[in-house]
Structure formats: C-alpha cells, structure tokens
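Results of the structural survey
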Amino acid sequence: MPNLVLPLIVLLALAPAASAEMGPFDRVELAQLSIHQRIVIRIPRVFGRRAEERSEFAEQRWVTKKGPKCVPMGAIEGAVITGSDSVDLLVADGTRLRAEFDDDCPALDFYSGLYVKGTSDGMVCADRDSIRSRSGSACKIERFRRLVAKR
C-alpha cells in the first residue's frame, strides 16, 4: 500500500482556510478502517469404536515415503497421535500423512484435538504452518511424509 500521508498533507496545505461561509460538507475528512479476520480449523482426534479396531490400528506397520509440500485444509478429516514428535493426518482421499515436527516440539499436547490457523490459499504447508493444541502451544510442521501400509 503506498504511503498516503505526504499527498494528504499537501492537499490539506492547499485547501482554503475554514471560514464561517463553509458548509458542513465542504471540508476534508479522513478515516481509516482495518478489518482483521482469523479462521481456525479444528481437526478432531480419531478413536476406534471398539477395542479390536484400536489394537488393529496400533499393530499396523507403516512405511514412510516422500510426502507433499502442502495439503488442502479442507481435505484433512482427522488426526491420530502415534509418535512423540509427529501427528498422523487422515486425508479425505484415504491417504495418511505424517506431519513431523521439530525435535523440541513433542506431540503429547495434542491429545484433546488439533487446530490449524486458516490461510489465504487454503493449504497447510510444511516449513510455513503450525499445528496448535487446545492449551495454546504450537508446533511448526517440518515436513509431511506419506504413509503406506507395510505388507
């Protein structure tokens, strides 16, 4: 946004002095309006309905592959906490992505759910965005890894 202060000062200096003859709408009025919007997306934790489902998921072995740089925010359906420094994200198309954090950011705070701050492009990106916990702590996403079931 260009600096508007200097042109406004010049206009005010060139404006005629206020007199009794001037009407109420003959003077210059300046105003500024700022609108701030913040969108926060809640990502629910996924729990198995039965004990068998939970043990089946825990026994599943995953192989990590190279993941995408960004994920559409609307495609993330849920999250599973499986490690101390990462969170597995369940994507609408059936894929699983592991969001890996820095070493100094354990995922233990995310047991009551995850939050992601909305972005203008609608994407969650590694090396840019953070996942936040309900308690207020935030972990920056270092990278995404795609999870493939080990056979």
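Our subject is the structure listed above.
Below, the structure is looked at part by part. All of these numbers come straight from a predicted model, not from anything done at the bench.

Mapped onto the fold, arginine 98 is located in strand β6 (residues 96-101). A relative accessible area of 17% places arginine 98 in the buried class. Within polar-contact distance, the side chain of arginine 98 engages the side chain of aspartate 88 at 2.7 Å. Excluding residues that lie within four positions of it along the chain, arginine 98 makes contacts with Thr64, Thr82, Ser86, Val87, Asp88, Arg143, Phe144, Arg145 and Leu147.

A few words now on the state of the cysteines. Inspection of every chain in the model, using the stated rule, returns 1 disulfide. At a sulfur-sulfur separation of 1.9 Å, the disulfide partner of cysteine 70 is cysteine 125. Judged by the torsion about the S-S bond (110°), the cysteine 70/cysteine 125 disulfide is right-handed. Here the residue cysteine 70 occupies a position in strand β3 (residues 70-72), and cysteine 125 occupies one in strand β8 (residues 123-125), the gap between them amounting to 55 residues. Assessed through its relative accessible area of 5%, cysteine 125 is described here as buried.

Rules behind the numbers
- Residues numbered from 1 in each chain as written.
- Predicted model: local features only at pLDDT ≥ 70, side-chain atom pairs only at ≥ 80, totals over all residues.
- Heavy atoms only, no water.
- Helix = DSSP H or I, 4+ residues; strand = E, 2+ residues; numbered from the N terminus.
- Buried < 20%, exposed > 50% of the residue type's maximum accessible area, 1.4 Å probe, protein only.
- Polar contact = N/O pair within 3.5 Å; in protein donor to acceptor, adjacent residues only side chain to side chain.
- Contact = heavy atoms within 4.5 Å.
- Disulfide = S-S within 2.5 Å.

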